[in-house]
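Observations on chain architecture
For reference, the chains in residue letters:
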Amino acid sequence: MLLQLISSSLDWLRDQATAKAQDALINILAAGPIPQHVAFILDGNRRYARSKGMHVTQGHTDGFYNLRKMLEICMKLKVRCVSAYAFSIENFKRSPEEVNALMDLAEAKLLELCQRGDLLDRYGIRLVVVGHKDMLPERVLAAAEKAENMTKHNDKAIFNLCMPYTSRDEITTAVHSAVKARLEGDDDTDITPEEIESHLMTSIAGSPPLDILVRSSGVKRLSDYLLWQCSEDTQLQFSSTYWPEFGLLDFVPIILDYQRKVWSKA
């Protein structure tokens, strides 16, 4: 009993020391230029699970927990907007078992996120579900709408949860909306790129320009994610770490590289 108590106390002290060290590191980083919009491609959940001998569903669960952790790190750094590629439209082609498990997980985590006093409430984050929402099962759509409604008055930060999403679908929808707006008006001038951009889902959500796009797991491609948004001055960063294990120490070099490039332009 005594040994168990000592062991628990040592674990608590270690966790407290680690948390304080992380907060100190975040405060140091926050003293420099901080990106206003960071996007993540949450890649590697399945490979992480297989490497640990877990069921694939557990990999996705750990990935969602890590998304919460990284969202909080970004909030402590005063990042204004975070976007996360949680589920591609193409993911509906996976096995029904995996898709259903992902939808169950999404429903549970959306309801968890919108609880009073939880992460979104604590940091004043407005949740926006970005994507072809009518493709979601009714129960998941209801959870998404509840989370959006409960956080719609939060104005300190934006969290774009992209699901089900592809950039091609977003751009197609934006072009369609721009054309429709013109047909309903009396303007016969050419549609401009700025006009199309104003109809993008992220623009409608009020997101600032994308500064950094991070993809985990070592894969170096964009996979139809925020293609329009990252076409100009976005820094693309690729990490070899699987998403469930991606943490502050993986993020620090990315922020430092961003700061170095900002300072070099000054």
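Residues numbered from 1 in each chain as written. Predicted model: local features only at pLDDT ≥ 70, side-chain atom pairs only at ≥ 80, totals over all residues. Heavy atoms only, no water.

1. Quick notes on the pattern of salt bridges
Under the criterion given, the structure shown has 19 salt bridges. Between Glu90 and Lys93 there is a salt bridge, and its shortest N-O distance comes to 2.7 Å. Note that Glu148 is salt-bridged to Lys133, the shortest N-O span being 3.2 Å. One end of the pair, Glu148, is in helix α6 (residues 138–151); the other, Lys133, is in the loop between β3 (125–130) and α6, with 15 residues separating them in the sequence. Assessed through its relative accessible area of 25%, Lys133 is described here as partly exposed. Overlapping salt bridges, with partners in common, bring together Arg68, Lys109, Glu112 and Asp118 in one network. (Salt bridge = Lys/Arg side-chain N within 4 Å of Asp/Glu carboxyl O. Helix = DSSP H or I, 4+ residues; strand = E, 2+ residues; numbered from the N terminus. Buried < 20%, exposed > 50% of the residue type's maximum accessible area, 1.4 Å probe, protein only.)

2. So, the packing of aromatic side chains
Under the criterion given, the structure shown has nine aromatic pairs. Between Phe40 and Phe251, the aromatic rings sit 5.8 Å apart at their centres with planes inclined by 50°, giving tilted as the arrangement. Placement of Phe40 in strand β1 (residues 37–41) and of Phe251 in helix α10 (residues 248–265) is noted, with a sequence separation of 211 residues between them. Judged on exposure class, the residue Phe40 and its partner Phe251 are both buried. (Phe/Tyr/Trp six-rings, centres within 6.5 Å; stacked < 30°, edge-to-face > 60°.)

3. Remarks on the packing of helix α3 (residues 56–76) against helix α4 (residues 96–113)
Remark: α3 packs on α4, axes separated minimally by 10 Å, with the N-to-C direction vectors making an angle of 25°. Classified by the interaxial angle, the pair formed by α3 and α4 is roughly parallel. With respect to the hand of their crossing, α3 and α4 are arranged in right-handed fashion. For the pair α3 and α4, contact is made by Val56, Thr57, His60, Thr61, Phe64, Tyr65 and Arg68 and by Glu98, Ala101, Leu102, Leu105, Ala106, Lys109, Glu112 and Leu113, respectively. Classifying every residue of the contact of α3 with α4 by side-chain character gives eight nonpolar, three polar and four charged. (Axes fitted to C-alpha atoms, helices over the stretch in contact; angles between N-to-C directions. Parallel < 35°, antiparallel > 145°, perpendicular 65-115°, else oblique. Left-handed = near helix turned anticlockwise from the far one by under 90°. Contact = heavy atoms within 4.5 Å. Nonpolar A, V, L, I, M, F, W, Y, C, P; charged D, E, K, R; others polar.)

4. A look at the nonpolar core
Residues Phe40, Leu77, Phe159, Met163 and Phe251 are the most contacted members of the largest nonpolar core, which totals 48 residues. Those residues in contact with Phe159, other than ones at most four positions away along the chain, are Leu67, Leu71, Val82, Ala84, Leu113, Leu120, Ile125, Arg126, Leu127 and Val128. Ala39, Val130, Leu210 and Cys230 belong to the second-largest nonpolar core, a separate cluster that totals 16 residues. (Core = buried A, V, L, I, M, F, W, Y, C linked by side-chain atoms within 4.5 Å.)

5. With respect to the sheet that holds β3
The strand order β3-β4-β2-β1-β5-β6 describes an open sheet built from six strands, whose pairing is parallel. Two strands in the sheet have a free side with no partner beyond their single neighbour: β3 and β6 (235–238). Neighbouring strand axes in the sheet, compared pairwise and without regard to direction, differ in orientation by 15° on average. Where β1 meets strand β2 (residues 81–85), five bridges bridge the pair, whose relative direction is parallel. (Pairing = 2+ DSSP bridges.)

6. Topic: the confidence of the model for the protein chain
Here the protein chain averages 92 in pLDDT, and 93% of its residues register 70 or above. In the model, residues 9–13 has pLDDT below 50 throughout and makes zero contacts with residues more than four positions away in sequence or in other chains. (pLDDT = per-residue confidence, 0-100.)

7. Observations concerning unusual backbone geometry
Cis geometry is adopted by the peptide bond preceding Pro164, which originates at Met163 and carries an omega value of -20°. Checked against the element boundaries, Pro164 lands in the loop between β4 (157–162) and α7 (167–184). The phi torsion at Ser217 lies on the positive side, around 85°, for a residue other than glycine. Mapped onto the secondary structure, Ser217 falls in the loop between β5 (212–215) and β6. Note on Ser217: relative accessible area 8%, which makes it buried. Its identity as a non-glycine residue notwithstanding, Ser223 has a phi of 50°, on the positive side. We classify Ser223 as partly exposed; its relative accessible area is 30%.

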